[in-house]
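Close look at the chain arrangement
One letter stands for each residue in the lines below.
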Amino acid sequence: MEKALTLVYIIPQKFQKKRLNDIKLSMVKKKIPNASILGPDVTHIVSESDSYEQVLRFVEEADIPEEAEIVSTRWLVECLQQSKIVLVLEVHRLKKIKADNVISPKTTTDQNYEWACQRGARLEHFNKKFTVDLELLQTHAEFCNEMHSQSRALAFRRASCVLKTLLFPLTHIKQLDGVKYIGGHVRKVISDLLDLGSSPEVEEIKFSDWFRKMKLFTSIFGVGPATAKSWIEKGWKSIEDVRNAGHPSKDWRIVWGLAFHEDLTTPVSRQEADRFMDILQCEAQNILPGTIITLTGGFRRGKSNGHDIDILITHPTDGAELGILSKLLDVLDKKDIILSGQRMKNTFSTEALNEESRSMHGKFDHFEKWFGICKFPKAFQHPTTPSGCQSSKEDSTEVKDNKNSSTHSDPLGLPFMETQLTRNSNNLSVPLVSVKTDLKHRSNVKNKSYISNTCVYEGEGEPHVPSTKKFKHEDCSEKEVVEMARPQTDWLARRVDLIVTPYSQYYYALVGWTGSKHFNRDTRLYAQQVLNLRLTSHGLYDMKKQEALQATCEEDVFRHLNLTYRDPMDRNC
DNA sequence: AAGCAATGGAC
DNA sequence: GTCCAT
DNA sequence: GCTT
Ligand SMILES: Cc1cn([C@H]2C[C@H](O)[C@@H](COP(=O)(O)OP(=O)(O)OP(=O)(O)O)O2)c(=O)[nH]c1=O
Ligand SMILES: [Mg+2]
């Protein structure tokens, strides 16, 4: 009994495969004896479960040696870290749960659910004071380009999302005992907020020059933490500094983002989004009757403002949607709505495995997304305006979203006139040439406004046309773009995302583009870890069986995931 | 000790 | 690969 | 940073 001091048995259930493997390897390295079966010599039983009762689901009570300790993985990890058998403490033991022992953590969060996608978070909740500061720490971590800062950012976000689901305003730090994702750092911040009304750490960051400059520069479309840092190092302190410094970038997004920074950082109202939807709805019907367009993104989750407009386009007949994006963009272009943009392709869904699909790819090649900048008349901000989308058939396009009855045919007319421009939009069938900007000046009724329209770049050849490499981009110099941005008074530049999907993928796209971003990350992680499925905005894939699960409504998506359905309003995590 | 969502485009 | 975008 |  004195020689075999320790024999560890690990209950494999509930372990991630890789993690279990790593632990076993470490045990060999650190010479900690590991039993392959639960025999009478076992001294320590290690499990991922969190109670004695749960352990009994995996092993027979009779097989447990009299003197054996039943401990959490935490104990084993500490042994591995310290390269010795550490003394078993109370915190390590997996104990019996007495019903009366539990202070019902049930009521602390919206059920005990560990995944944000199971909980349901609303825009309005009781703990904004805390979530705002935690999300500031998240942003700060995202600015840091250190090795693990992105992960730290994620941790702050998770903590914030937990607080959003609390059913009461926090008053004591004790209320967070045993709550997931609330660790030492987060606890300290919340403690300070409770005790002092503010967190010294957060306040220091908030008012630091570096953080303010990073926020300012990264608010420019196309500028991320790396670029922002490099600009700070150059000593630039304001947007004007950057503009005056010459041509810092060849990236079209930064050129336009700089020029229209003020417009693009002015929040988009729901009102504007609806106006734009009206136009799109109408034009889409003209191009292809039966087309379904849906306002997604934050607006669909009930936000009253947004940083952009996300619109999903599909058609009940699979395949009918092909090519509609190019046509739609042509129409918008003719109406002088488009300032600039970029088309993107889709990955073909079965890409997972097939090398063949690569070769086939060219055949199915099409653009499915457009990220761009549009002109929105300021009249959009007002309740109604007459419209000018002709030939609107009275077809009500089905808009599934009942609550946000965005798109009733209330066509409006307005200052989009028939100025027509030679801008080239990338069209599949028409491989093109970059069109030099010809600046067209157009005087508008009210104020003279120079709208130089330009093609921002050009397009893309067919795969078999070997000639030009894809996108080149307009030679419109930064100065010209800035010129263009300056004295306009009757419209605002707005970021618009258009996404086209085949109907077979529509509801996955709807879930994905409705978000929130954190909801998506959480749901995808859940799908991966719990169900071994891969969730994207195109579908849900069983990688073992090599099959895609079909969905004919949003509820289907949740059902496949074994999640209770969440209204978009409840996905604000 | 290792993972943290998944994807595409421009350099 | 890095950076930026969704 | 937090979980497993
Ligand atoms: C940014 C981002 C968005 N998305 C999805 C979820 C988002 O709701 C959707 C649209 O993106 P966004 O328009 O960036 O997000 P949003 O509409 O929720 O917020 P905002 O009001 O600021 O516009 O795309 C991701 O899946 N991953 C991402 O990294
Ligand atoms: Mg949005």
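Higher on the page you've got the structure.
Numbers given to residues run from 1 along each chain, matching the order in which its sequence is written. Chain A is the first chain written and ligand 1 is the first ligand written, with later ones labelled in order. A pLDDT threshold of at least 70 governs which residues receive local features in this predicted model, and a stricter bar of 80 or more applies before side-chain atom pairs are shown or counted, although totals over entire chains, interfaces and linings include all residues. Hydrogens and water molecules were not included; the side-chain quantities draw on all heavy atoms of the structure.

Quick notes on the site of ligand 1
We define proximity as follows: a residue is near a molecule or strand when any one of its heavy atoms falls within 4 Å of that partner. Around ligand 1, the structure places 15 residues, and the nearest of them are Gly 298, Arg 301, Lys 303, His 307 and Asp 308. Nitrogen and oxygen atoms within 3.5 Å of one another constitute a polar contact, given that in protein one can donate a hydrogen and the other can accept it, and given that sequence-neighbouring residues count only through two side-chain atoms. In the model, an oxygen atom of ligand 1 is placed 2.9 Å from a nitrogen or oxygen of the Lys 303 side chain. The separation between an oxygen atom of ligand 1 and a polar side-chain atom of Asp 308 is 2.7 Å. Surface accessibility in these figures is a Shrake-Rupley result with a 1.4 Å probe; residues are shielded only by whichever protein chains are displayed. Contact with the protein chains covers 69% of the free accessible surface of ligand 1, which is 550 Å². Strands here mean DSSP runs of E at least two residues long; helices mean DSSP runs of H or I at least four residues long; both are numbered from the N terminus. Mapped onto the shell around ligand 1, the elements with two or more residues apiece are α14 (297-300), β7 (305-306), α18 (506-514) and α19 (517-531). Among the elements that make up the shell around ligand 1, the one with the highest residue count is α18 (three residues). Its residues placed into classes, the shell around ligand 1 shows one nonpolar, nine polar and five charged. All amino acids are sorted into three groups, where Ala, Val, Leu, Ile, Met, Phe, Trp, Tyr, Cys and Pro are nonpolar, Asp, Glu, Lys and Arg are charged, and the leftover types, Gly among them, are polar.

Examining the protein's contact with DNA strand C
Near DNA strand C lie 15 residues; those nearest to it are Gly 222, Gly 224, Thr 227, Asp 497 and Trp 513. Counted by atom, the contact set of DNA strand C within 4 Å of the protein is 96% sugar and phosphate. Val 223 is positioned such that a nitrogen or oxygen atom in its backbone is 3.2 Å from a phosphate oxygen of DNA strand C. Measuring from a phosphate oxygen of DNA strand C, one finds a backbone N or O atom of Pro 225 at 3.4 Å. Going through the elements one at a time, α9 (225-233) and β13 (491-500) are the ones with two or more residues in the surface near DNA strand C. Tallying contributions element by element places α9 first for the surface near DNA strand C, with three residues. Grouping the amino acids of the surface near DNA strand C by side-chain chemistry returns seven nonpolar, four polar and four charged.

Considerations on the packing of aromatic side chains
Side-chain rings of Phe, Tyr and Trp (the six-membered ring for Trp) are treated as a pair once their centres are within 6.5 Å; stacked means planes under 30 degrees apart, edge-to-face means over 60, and tilted covers the remaining angles. Summed over the entire model, instances satisfying the criterion amount to 15 aromatic pairs. Ring centres of Trp 231 and Trp 236 lie 6.0 Å apart, and the angle between their planes is 55 degrees; on these two criteria the pair is classed as tilted. As far as the burial class goes, Trp 231 and Trp 236 line up, both buried. Their ring planes at 10 degrees and their centres at 5.8 Å tell us that Trp 256 and Phe 260 sit as a pair that is stacked. Within the aromatic cluster, the residues linked to one another by ring pairs are Phe 143, Trp 210 and Phe 211. Counted as over-ring charges are cases with an Arg CZ or a Lys NZ within 6 Å of the ring centre that also lie within 35 degrees of the ring normal. If you follow Lys 375 out to its NZ or CZ, it ends over the ring of Trp 491, 5.1 Å from the centre. Only protein chains enter the area calculation, which uses a 1.4 Å probe; residues under 20% of their type maximum are buried, those over 50% are exposed, and those in between are partly exposed.

Describing empty space enclosed by the protein
With a probe scaled to a water molecule rolled over the atoms, the places where space remains empty come into view. Computed over the protein atoms alone on a 1 Å grid, cavities are sets of points where a 1.4 Å probe fits but cannot get out and pockets are open sets with protein on both sides within 12 Å along at least five of seven lines; a residue lines them when it has an atom within 4 Å of a point. Grid points are joined across faces, edges and corners, and a volume is the space filled by probe spheres set on the points. Evaluation of the coordinates by the stated rule reveals four cavities of 30 Å³ or more. Taken as a whole, the second largest cavity holds about 60 Å³ of empty space. Put simply, the parts of the chain that give the lining of the second largest cavity at least two residues each are α18 and α19. Among the residues making up the lining of the second largest cavity, the classes are represented as four nonpolar, five polar and one charged.

Looking at the pattern of salt bridges
Salt-bridge detection follows one rule: a side-chain nitrogen of Lys or Arg within 4 Å of a carboxyl oxygen of Asp or Glu. As enumerated under the stated definition, the model contains 19 salt bridges in all. One salt bridge connects Asp 251 with Arg 253, and the closest N-O pair in it is separated by 3.0 Å. Within this structure, Glu 135, Arg 157 and Lys 164 form a network of salt bridges that share partners.

Remarks on the packing of helix α8 (residues 209-218) against α9
Contact pair α8 / α9: the axes reach a minimum separation of 9 Å and the direction vectors enclose 125 degrees. Relative to α9, the element α8 is oriented oblique. Here α8 runs over α9; the crossing is right-handed. Of the residues in α9, those in contact with Trp 210, Lys 213, Met 214, Phe 217 and Thr 218 of α8 are Pro 225, Ala 228, Lys 229, Trp 231 and Ile 232. Residues belonging to the contact of α8 with α9 are distributed by class as follows: seven nonpolar, one polar and two charged. Only C-alpha atoms enter the line fits that serve as axes; for helices the fit covers just the stretch in contact. Angles between N-to-C directions range over 0 to 180 degrees. Note that the term roughly parallel is reserved for angles under 35 degrees, roughly antiparallel for angles over 145, roughly perpendicular for angles of 65 to 115, and oblique for everything else. Note on convention: the crossing is left-handed when the near helix lies turned anticlockwise from the far helix by less than a right angle, right-handed when the turn is clockwise. Pairs of residues are marked as contacts when any of their non-hydrogen atoms sit within 4.5 Å.

Some words on the coordination of the magnesium ion (ligand 2)
The textbook angles at a metal center are 109.5 degrees for a tetrahedron of four donors and 90 or 180 degrees for an octahedron of six. The donor definition counts N, O and S atoms within 2.8 Å of each metal and applies 3.2 Å to Na, K and Ca; water is not among these atoms, so some sites may look incomplete. Every protein donor of the magnesium ion (ligand 2) is listed here as Asp 308 (OD) and Asp 310 (OD), and their distances to the metal cover 2.0 to 2.1 Å. Taking the relative accessible area as the measure of exposure, Asp 308 reaches 7% and is therefore buried.

Describing the sheet that holds strand β15 (residues 540-542)
Here, strands pair whenever DSSP counts at least two bridges between them. One open sheet accounts for three strands, arranged β14-β15-β16; its pairing is antiparallel. Whereas interior strands pair on both sides, the edge strands pair on one side only; in this sheet they are β14 (533-535) and β16 (547-549). Each strand of the sheet is rotated relative to its neighbour by a mean of 30 degrees, with strand direction disregarded. Relative to β16, β15 is paired through three bridges, and the arrangement is antiparallel. Each residue of the ladder has a partner; that of Asp 542, found in β16, is Glu 547.

What to know about the nonpolar core
By size, the foremost hydrophobic cluster in this structure holds 34 residues, and its most contacted members are Leu 134, Leu 163, Leu 170, Leu 176, Phe 217 and Trp 231. Contributing elements (two or more residues each) for this core: α4 (128-143), α5 (149-164), α6 (184-196), α7 (200-207), α8, α9, α10 (239-244) and α11 (252-259). In terms of residue count, the dominant contributor to this core is α4 (five residues). If we ignore the near neighbours within four places in the chain, the residues touching Leu 170 are Asn 127, Phe 130, Leu 163, Gln 175, Leu 176, Ile 190 and Leu 194. Residues grouped as a nonpolar core are buried Ala, Val, Leu, Ile, Met, Phe, Trp, Tyr and Cys residues, joined through side-chain atoms within 4.5 Å. Core analysis: the next-biggest nonpolar cluster, separate from the first, contains 28 residues, Met 277, Ile 311, Leu 329 and Cys 374 among them.

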